[in-house]
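Structural description and commentary
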Amino acid sequence: MIVTLVGFAFLFGIALSRIGLPPMVGFLLAGFAYNLAGLEHPDSLTLISDLGVTLLLFTIGLKLDLKAISNAEVWGSSIVHIIVSTLFFAGALLLAKTLFPIPILDLSLGTTVILAFVLSFSSTVFAVKHFETKGDMTTFYGKVAIGILVMQDIFAVIFLAISEGKYPSIWAPLVLLLPFARKPLFKLLDASRHGELLVLCGLFFALGLGYELFTSVGLKGDLGALILGALLANHPKANELSKSLFSFKELMLVGFFLSVGMQGLPTWSMLAVAAMICILLPFKTFLYFLVVEKFNLRTRTSVLVSLSLGSYSEFGLIVSTLGVQQGWLPTDWLLIMALCISLSFAVSAPFNMKAEDIYRRHKNFWEKFQSSKIHPRDKFMATGDAQVLIVGMGRVGTGAYDHLTTAFNNKIIGIDHDASRIDDHRLAERKVMLGDATDSDFWTKLKAGRNMQLIILAMPNHHSNVFAAHQIRNAGLQTQIIAIAQHPQEVEELEALQVPSFNMYSEAGEGLARKALLEFADNR
C-alpha cells in the first residue's frame with residue numbers, strides 16, 4: 001500500500017516537474033489519482049503529514065527574526081488584509097448563494113463569515129517551499145511574507161481556541177519562560193555535534209519540546225515548533241541543523257500534499273464551487289499587493305510578497321473538519337476546501353516561478369502604485385570607490401573577500417540579502433551591504449563607481465548567479481564577472497554567457513592534489 005502510494009507520488013511528481021511545475025502539484029494530483037483508483041488509504045499518512053508540517057514550521061523558526069514580526073509592514077498588513085479579505089469573500093459567497101441556489105451554498109451568515117475568514121489565509125507550506133527552491137528565505141520580501149504567515153498562525157490559534165471551546169490551560173503562561181531556557185537548549189545543541197545526533201536533537205526540539213509542550217498546555221503544537229525554532233535561530237549551528245533536517249522534512253511533506261489530494265471524490269457541483277472560489281484568487285493576491293505597498297515597500301517587493309501568498313491555506317482543512325464535526329458545516333465543504341487548496345497550489349506555482357518576469361514585463365503598471373517614500377530596508381545603495389564587488393557573503397564569498405582585500409587595497413565591498421549575516425560581517429570590519437542581486441531593479445539602479453573592475457557572483461543558488469549575470473550584462477556594466485559553479489552543466493551554462501566560473505568541487509580536488517604533492521615532495 002505504501003509502496004504503491006510512493007510510486008504514484010514519484011510518477012506524478014516527475015511528470016509535472018518535466019513540464020515546469022513544482023513536484024508538489026504532482027503530489028496533489030497523485031493523491032487524487034490514488035483516491036480515484038479506489039485504493040486503501042494508509043493509516044500512517046496523517047501522522048507523516050503532521051510530522052512534515054511540524055518540521056517545516058520548526059525550520060522556519062530557525063531562520064526567523066522575531067523582531068521582524070513587530071514591524072508595521074508585517075502585523076499591519078496581516079490585520080488589514082484579513083479584515084478586508086474576509087469581507088470580500090463573505091460578499092462573494094453571499095452573492096453566489098443568491099445567484100446559484102444550490103444546497104452546497106445554502107449556508108448561514110455565521111458559517112459564511114467563518115469560511116470567508118478561512119479563505120483569507122495563505123498556505124505556509126506552499127510559500128516556504130517556493131522560498132527554499134528559489135533561495136529566498138532570507139530576502140527582505142521573504143521575511144515580510146513569512147512574518148505575515150506567522151501572524152496568520154497566531155490568529156488561527158486564537159480562532160481554534162474560541163471555536164472549539166478549548167481554551168489554553170492555566171499552565172499555558174509557562175511557555176513565556178522558554179526564552180530563559182535558551183542557554184540549556186544551546187548546550188544541548190552544542191553537545192549534539194554533527195551527523196545523526198544533530199538530526200535527533202532537531203526532532204527532539206521540534207516534536208518533544210515544541211509540539212508536545214504546547215499541546216499539553218492547550219496551545220497549537222505547530223506554533224510551539226515554530227517558536228522553539230525561533231529561540232534557536234541565533235545559535236551558530238542553526239543553519240546546519242536546518243540543513244540536516246531538510247531531506248527528512250521534504251519526505252514528510254510529500255505525505256502532506258498526498259493527504260490533501262486524498263480527501264475524497266468530488267462531485268460536479270463541488271468542482272464548480274471550488275473553481276468559483278479559485279477564480280477569486282487573483283483578487284485576494286492583488287489585495288495583498290495593495291495592502292503591503294501602503295507600507296512604503298518598493299513595488300517589486302510588494303509584487304513578490306503578494307504572489308508568494310497567492311494561495312489558500314491548509315488551515316481551511318482544519319476548520320472544515322471542525323465545522324463538520326460540530327455540525328455547522330456540510331460534509332461536502334471538507335472536500336471543497338481540499339479542492340480549493342489543491343487548485344490554488346496548481347494555479348499559483350507557475351506565477352511564483354515567473355514572479356520576476358511578471359514584475360519586469362508589467363513594470364510600468366506596478367510603478368503607478370509606488371510610494372514616494374521608500375522603506376529603509378528596501379532602498380538601493382552606492383558602491384563608492386570599490387574596485388571589487390562580491391555578491392553572496394557566505395563561506396565562499398567571505399573567503400574571496402578576505403583573500404582579495406590586500407590585493408585591492410581594501411577597496412572591496414560585499415553584498416548579501418541576509419540582514420543577520422551583514423551584522424556579523426560588520427563586526428569583523430568587512431564592508432558589506434544589504435541587497436538582493438536577484439532583484440531586476442538592483443543592477444539597473446546600483447550606483448557602481450567608475451573604479452569597479454571585478455564582480456564575483458558567489459551566491460549558493462546557481463540560478464541566482466545566472467540571473468545576476470544576465471542583469472549585469474543588461475545594465476551595461478563594463479566589468480569582469482566570475483561566478484562559482486558546482487556541476488559541469490553549470491559551468492557550461494555560465495560559459496554560454498561568457499562568464500568564467502570556478503567549479504568548487506573539481507578545483508578544490510585539484511587544489512588538494514597540489515597540496516598533497518607539495519607535502520609529499522617536502523617529506524622525501
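Up top you'll find the structure we're talking about.
Below: a short report on this structure. As the structure is a computational prediction, the values presented were derived from the model and not from experiment.

**Some thoughts on the overall build of the chain**
When helices and strands are tallied, the chain shows 25 helices and six strands. Dimensions of the chain, computed from C-alpha atoms along their principal axes, come out at roughly 80 × 55 × 45 Å. Each of the 524 residues in the chain was classed as buried or not, and the buried ones make up 52%. The long-range fraction of contacts in the chain, counting pairs at least 24 apart against all pairs at least 6 apart in sequence, stands at 75%. Accessible surface for the chain amounts to roughly 24,900 Å². Of this, 64% is attributable to carbon and sulfur atoms. Computed over 41 positive and 41 negative side-chain charges, the inter-centroid distance for the chain is 7 Å.

**Thoughts on the packing of helix 9 (residues 182-192) against helix 10 (residues 196-216)**
At a minimum axis separation of 8 Å, helix 9 and helix 10 run at an interaxial angle of 150°. Classified by the interaxial angle, the pair formed by helix 9 and helix 10 is roughly antiparallel. Across the interface between the two elements, L185, L188, L189 and S192 of helix 9 pack against L197, L198, C201, F205 and L209 of helix 10. The class makeup of the residues in the contact of helix 9 with helix 10 is eight nonpolar, one polar and no charged.

**Things to note about the sheet that holds strand 6 (residues 501-503)**
Taking strand neighbours across the sheet as the criterion, the six strands line up as 3-2-1-4-5-6 in an open arrangement whose pairing is parallel. A strand with exactly one partner marks an edge of an open sheet, and here the two such strands are strand 3 (432-434) and strand 6. For this sheet the average axis-to-axis angle between neighbouring strands, irrespective of direction, equals 20°. Strand contacts of helix 21 (residues 419-427): strand 2 (412-416) and strand 3, with the helix running at about 160° to strand 3, the strand carrying the most contacts. Of the strands in this sheet, strand 5 (480-485) and strand 6 are in contact with helix 25 (residues 504-522), which crosses strand 6 at around 65°.

**Regarding the packing of aromatic side chains**
Applying the stated rule across the entire model yields 15 aromatic pairs. Here the aromatic rings of F89 and Y312 are separated by 6.0 Å at their centres, their planes lie at 65°, and the arrangement is edge-to-face. Placement of F89 in helix 5 (residues 72-99) and of Y312 in the loop between helix 15 (299-308) and helix 16 (315-326) is noted, with a sequence separation of 223 residues between them. Accessibility classification places F89 together with Y312 in one group, the buried group.

**Section: the packing of helix 7 (residues 124-134) against helix 17 (residues 332-353)**
Contact pair helix 7 / helix 17: the axes reach a minimum separation of 11 Å and the direction vectors enclose 30°. In terms of orientation, helix 7 and helix 17 fall into the roughly parallel class. Handedness of the crossing formed by helix 7 with helix 17: right-handed. Residues F126, H130 and K134 of helix 7 form the contact with helix 17, whose participating residues are F345, S348, A349, N352 and M353.

**Let's talk about helix 24 (residues 488-496)**
Turn by turn, an α-helix covers 3.6 residues, leaving residues three or four places apart pointing in a common direction. Restricting attention to buried positions, one finds in helix 24 the residues E490, V491 and L494. Buried residues of helix 24, viewed axially, fall in a sector of 105°; they line one side. Facing away from the buried side of helix 24 by over 90 degrees, the exposed positions are P488, Q489, E492, E495 and A496. Along its buried surface, helix 24 packs onto helix 23 (462-475), strand 5 and strand 6.

Criteria and cut-off values
Residues numbered from 1 in each chain as written. Predicted model: local features only at pLDDT ≥ 70, side-chain atom pairs only at ≥ 80, totals over all residues. Heavy atoms only, no water. Helix = DSSP H or I, 4+ residues; strand = E, 2+ residues; numbered from the N terminus. Buried < 20%, exposed > 50% of the residue type's maximum accessible area, 1.4 Å probe, protein only. Contact = heavy atoms within 4.5 Å. Areas by Shrake-Rupley, 256 points an atom, 1.4 Å probe, with all protein chains shown as cover. Lys, Arg positive; Asp, Glu negative; His and termini not counted. Charge placed at Lys NZ, Arg CZ, Asp CG, Glu CD. Axes fitted to C-alpha atoms, helices over the stretch in contact; angles between N-to-C directions. Parallel < 35°, antiparallel > 145°, perpendicular 65-115°, else oblique. Nonpolar A, V, L, I, M, F, W, Y, C, P; charged D, E, K, R; others polar. Pairing = 2+ DSSP bridges. Phe/Tyr/Trp six-rings, centres within 6.5 Å; stacked < 30°, edge-to-face > 60°. Left-handed = near helix turned anticlockwise from the far one by under 90°. Arc of directions from axis to C-beta.

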